[in-house]
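Here is how the chains run, residue by residue.
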Amino acid sequence: MNICCIGAGYVGGPTMAMIAAQCPDIRVTVVDMDAARIDAWNSDRLPIYEPGLHDVVVAARGKNLFFSTDIDSGIRDANIIFVSVNTPTKSYGVGAGCASDLTNVELCARRIAAVANGDKIVVEKSTLPVRTAESLKRVLHANSSGYKFEILSNPEFLAEGTAMADLQTPDRVLIGGDITPSGHLAIQKLVNVYARWVPREKILTTNLWSSELSKLVSNALLAQRISSVNALSALCEVTGADVDEVTFAAGKDSRIGAKFLKASVGFGGSCFQKDILNLVYLCRHYGLDQVARYWEQVVTINDWQKSRFVGRMIDTMFNTISGKRIAVLGFAFKKDTNDTRASAAIDVCRGLLNERAQLAIYDPRVTPAVVFRELAAATGLSQSEIEQRIVCEPDPYRATHGADALAVLTEWDEFRHLDFERVYRSMKKPAFAFDGRNILPHSVMQSIGFEVQAIGKSLSTENAFSESLEKVLA
Ligand code: NAD
Ligand code: UGA
């Protein structure tokens with residue numbers, strides 16, 4: 001059997017590497033129109049950082065795992081074609097800012113129809129609005145030269161930073177298909193691939209629409225938990241409750257569960273906001289305005305949490321941060337990834353730059369070029385302004401040297417174990433620490449002399465949040 005995957009990104013690369021590793025008899029080719037990305041997949045410096053990925057790729061590459069820009073050959077040679085292209089929020093026209101942009105997916109369908117030389121199974125791996133398979137079928141059938149295409153939905157549930165472990169032992173694999181004899185046959189073919197390493201009871205099969213919608217719902221429910229906790233973190237700050245103690249106690253209820261209740265500066269990543277907005281758009285499309293407004297609130301609270309964090313920093317630092325050096329520790333949207341897409345750090349940095357702060361940024365995996373690119377796009381500042389206002393430092397000690405404050409925006413483990421005496425000595429006084437991830441040793445730092453602020457905790461006397469500053473940051 002030959003598998004082709006269109007899209008060599010954060011999903012296509014790791015997912016196909018895992019299939020190749022688990023199924024040595026299957027030839028897996030990952031194709032992409034981005035030649036630089038394909039070159040990187042074929043090099044020693046993979047285009048994405050993901051623990052464990054490098055070893056799996058190196059073991060299979062050149063044997064049964066290939067990366068190529070030859071999309072047409074990839075399509076022609078494959079029995080099963082995964083479509084794993086990006087589906088960002090639409091930035092233009094009808095549904096701008098809410099609906100998913102399906103241009104890339106449709107282009108793939110048209111290409112498959114144009115070059116296919118036989119019957120194919122086409123698998124939706126990208127996250128898509130419910131009923132996208134219907135449009136794909138129409139595009140494929142209207143443009144094919146008489147070949148048959150079966151469409152399957154096989155959404156991906158991996159999280160970045162733990163992608164390889166998630167792929168190795170997934171909670172479930174979901175495969176949706178047509179409830180027809182040929183649909184069942186196609187589902188079975190894909191089930192047989194995953195069944196090489198995933199226990200059969202974890203492979204769920206459904207109709208197409210349930211599968212497509214389950215992906216959006218899973219992400220919406222996960223993001224909703226974070227926004228619920230983040231909303232309550234504000235209540236903790238003014239009442240003296242500690243959000244970590246509250247979520248620990250609540251999470252002990254087996255109906256609630258302990259996972260995904262970590263209060264933070266706000267969720268980021270390329271998918272949560274995009275997928276919820278897509279859900280909101282779908283609900284509006286089907287006339288379900290109340291449902292749309294309910295889910296929209298998850299994103300609204302997330303935005304509020306980020307601006308609330310900036311507001312708290314400004315309040316604490318005597319209502320002005322103009323010209324002050326702020327050490328930003330962490331720029332990726334979560335630890336163990338170099339991905340910065342929709343990272344909370346971008347919005348926080350923009351808020352700080354709006355108040356004319358000087359930023360010293362350190363992240364162990366994000367390159368300065370990516371930091372500058374993200375912040376230029378987010379702020380509209382020119383290259384020279386960016387260079388005057390922002391410096392990227394090679395380690396946390398250089399970043400905090402001479403700083404008025406440090407702000408932890410990504411939960412990298414190394415930030416837990418810094419030499420805080422050393423950091424304190426090199427900072428201006430009072431030395432402020434803002435923990436946007438609740439990972440720092442707060443009492444140790446307080447005993448050293450830091451003035452510490454954390455999410456959902458009232459650690460020091462000054463913890464009020466000024467509503468007026470929220471307006472400044474809006
Ligand atoms: P990505 O941007 O990292 O990768 C997508 C790749 O597709 C890019 O390299 C791009 O060049 C390529 N591409 C786009 N159009 C193409 C075309 N017509 N022909 C050939 N190549 C094309 O995106 P990603 O993070 O891998 O996400 C892909 C999909 O998976 C999205 O729908 C996303 O919502 C979903 N998803 C992502 C994650 C995640 O953790 N990133 C997890 C689950 C699901
Ligand atoms: C998320 C889902 O967890 C995956 O199942 C899904 O496949 C993926 O989206 C997707 O569709 O793209 P990911 O965004 O990679 O995965 O990472 P998460 O671990 O979910 O974290 C998302 C954001 O929420 C991060 O910014 C993280 O720091 C934040 N977060 C997470 C919290 O603030 N608190 C938590 O308790 C958990």
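What counts as what
Throughout this description, residue numbers start from 1 for each chain and increase along the sequence as written. Chains and ligands are labelled by the order in which they are written, letters from A for the one and numbers from 1 for the other. Predicted model: local features are reported for residues with pLDDT of at least 70 only, side-chain atom pairs are reported and counted for 80 or more only, and whole-chain, interface and lining totals are derived from all residues. Hydrogens and waters are ignored; side-chain quantities use all the structure's heavy atoms. For the purposes of this entry, the term helix denotes a DSSP run of H or I that reaches at least four residues, the term strand denotes a run of E that reaches at least two, and both are numbered from the N terminus. With C-alpha atoms as the basis for the radius of gyration, the globule rule is written as 2.2 Å multiplied by the number of residues raised to the power 0.38. Relative accessibility under 20% of the residue-type maximum defines a buried residue, over 50% an exposed one, and the middle range a partly exposed one, all with a 1.4 Å probe and only protein chains included. For this purpose, a residue is taken to be near a molecule or strand whenever a single non-hydrogen atom of the residue falls within 4 Å of it. Identification of polar contacts relies on pairs of N or O atoms within 3.5 Å, with a donor-acceptor requirement for protein atoms, meaning one able to donate a hydrogen and the other able to accept it, and with residues adjacent in sequence counted only if both atoms are side-chain atoms. Residue burial considers only the protein chains on display, and all accessible areas are found by Shrake-Rupley using a 1.4 Å probe. One fewer than the residue count of a helix, multiplied by 1.5 Å, yields its expected span. Throughout, a residue-residue contact means that at least one pair of heavy atoms, one from each residue, lies within 4.5 Å. Within this scheme, the nonpolar core is defined by two criteria: the residues are buried Ala, Val, Leu, Ile, Met, Phe, Trp, Tyr or Cys, and they are joined through side-chain atoms within 4.5 Å. Salt bridges, as used here, are contacts in which a Lys or Arg side-chain nitrogen is within 4 Å of a carboxyl oxygen on Asp or Glu. Geometry is summarised by axes, namely lines fitted to C-alpha atoms with helices restricted to the contacting stretch, and by angles between N-to-C directions that run from 0 to 180 degrees. If an angle is under 35 degrees, it is roughly parallel; if it is over 145, roughly antiparallel; if it lies from 65 to 115, roughly perpendicular; otherwise it is oblique. Each crossing gets its handedness from the near helix: less than a right angle anticlockwise from the far helix is left-handed, clockwise is right-handed. Put simply, a patch holds well-exposed residues, over 30% relative accessible area, that have no salt bridge, with like charges counted together within 9 Å and Val, Leu, Ile, Met, Phe, Trp or Tyr side chains within 5 Å. When DSSP locates at least two bridges between a pair of strands, those strands are taken to pair. When the strands point away from the viewer, a crossover counts as right-handed if the path from the first strand over the helix to the second runs clockwise.

S.K.: Quick one: what's the story with the overall build of the protein chain, residue by residue and with numbers?
M.R.: Summing up its helical and strand segments, the protein chain has 19 helices and 14 strands in all. For the protein chain, whose C-alpha radius of gyration is 24 Å, the value lies close to the compact-globule estimate of 23 Å for 474 residues. A principal-axis box enclosing the C-alpha atoms of the protein chain has dimensions of 75 × 50 × 45 Å. For the protein chain, buried positions account for 54% of its 474 residues.

S.K.: Now, about the site of ligand 2: what can you tell me, with residues and values included?
M.R.: Near ligand 2, the surroundings consist of 20 residues, among which F157, L158, S264, C271 and R437 are the closest. Within the backbone of F157, an N or O atom sits 2.7 Å from an oxygen atom of ligand 2. Between an oxygen atom of ligand 2 and a side-chain N or O atom of N219, the distance comes to 2.8 Å. When residues in the shell around ligand 2 are grouped by element, the largest group, 4 residues, is from helix α9 (residues 208-239).

S.K.: Can you lay out the environment of T103 for me, pointing to particular residues and giving the numbers?
M.R.: Relative to the helices and strands, T103 resides in helix α5 (residues 103-115). Within the structure, the side chain of T103 is placed 2.4 Å from the side chain of D101, a separation counted as a polar contact.

S.K.: If you had to explain the site of ligand 1 to someone new, which residues and values would you point to?
M.R.: Near ligand 1 you find 25 residues, and of these D32, R37, T87, E160 and K274 are the closest. Side-chain polar atom of D32 to an oxygen atom of ligand 1: 2.6 Å apart, as the coordinates give it. Taking R341, its side chain carries an N or O atom lying 2.9 Å from an oxygen atom of ligand 1. Taken by itself ligand 1 offers 830 Å² of open surface, and the protein chains cover 92% of this.

S.K.: If you had to explain α5 to someone new, which residues and values would you point to?
M.R.: Relative to the 18 Å expected for 13 residues at 1.5 Å per residue, α5 spans 18 Å between its end C-alpha atoms, a close match to the ideal helical length. Listed in full, the buried residues belonging to α5 are V105, C108, A109, I112, A113 and V115. Where α5 is buried, its residues meet β1 (2-6), α4 (71-77), β4 (80-83), β5 (120-124), α6 (132-143) and β6 (149-153).

S.K.: Summarise the environment of D178; cite the residues concerned and give the values.
M.R.: Looking at the secondary structure, you find D178 in the loop between β7 (173-177) and α8 (181-194). Along the primary structure D178 and S153 are separated by 25 residues, whereas in three dimensions their C-alpha atoms are 9.6 Å apart. In contact with D178, other than residues within four places in its own chain, are K137, E150, I151, G183, H184, I187 and L208. A distance of 3.0 Å separates the side chain of D178 from the side chain of K137, its partner in a polar contact.

S.K.: Go over the nonpolar core, please, and point to the residues and values.
M.R.: Core analysis: the largest hydrophobic core is formed by 63 residues, its most contacted members being L359, L406 and F450. Here the element with the most residues in this core is helix α13 (residues 344-354); it accounts for 7 residues. Residues in contact with L406, not counting those within four places in the same chain, are A327, L329, T400, V423, M427, F432, A433, F434, L440 and F450. If you look at the next biggest cluster of nonpolar residues, it comprises 43 residues, including I38, A60, L158 and A186.

S.K.: Lay out the side chain of D339 in plain terms, naming residues and giving numbers.
M.R.: Checked against the element boundaries, D339 lands in the loop between β9 (325-329) and α13. A distance of 3.0 Å separates the side chain of D339 from the backbone nitrogen of R341, its partner in a polar contact. Contact partners of D339, with chain neighbours within four places excluded, come to Y10, E160, A332 and F333.

S.K.: With reference to specific residues and values, describe the pattern of salt bridges.
M.R.: For the structure on display, the rule yields 28 salt bridges. Across the salt bridge formed by K125 and E156, the nearest N and O atoms sit 2.9 Å from each other. Of this pair, K125 sits in the loop between β5 and α6 while E156 sits in the loop between β6 and α7 (163-168), placing them 31 residues apart in sequence. By relative accessible area, which is 3% here, K125 ends up buried.

S.K.: Describe the packing of α5 against α6, naming the residues involved and giving the relevant values.
M.R.: The interhelical angle for the contact between α5 and α6, taken along N-to-C directions, is 30°, at an axis separation of 8 Å. Of the possible angle classes, the one that applies to α5 and α6 is roughly parallel. Considering the relative orientation of α5 and α6, their crossing is right-handed. Contact residues: V105, E106, A109, R110, I112 and A113 in α5; L136, V139, L140 and N143 in α6.

S.K.: So what's going on with a nonpolar patch on the surface? Residues and values would help.
M.R.: Residues L213, V217 and L221 make up a contiguous nonpolar surface patch of about 210 Å² in total accessible area. Structurally, L221 is set in helix α9. With relative accessibility at 43%, the residue L221 sits in the partly exposed group.

S.K.: Explain the pairing of β9 residue by residue, including any values.
M.R.: Look at any regular strand and the pattern is simple: side chains alternate between the two faces of the sheet. Within β9, 4 of the 5 residues are buried, leaving the element largely enclosed by the surrounding structure. Bridging between β9 and strand β10 (residues 358-362) involves 5 bridges; their strand directions are parallel. If you follow R325 over to β10, its bridge partner there is Q358. Crossover connection from β9 via α13 to parallel β10: handedness right-handed. One ladder, built from 4 bridges, connects β9 with strand β12 (residues 405-408); its direction is parallel. In the strand pairing of β12, I326 is matched with A405.

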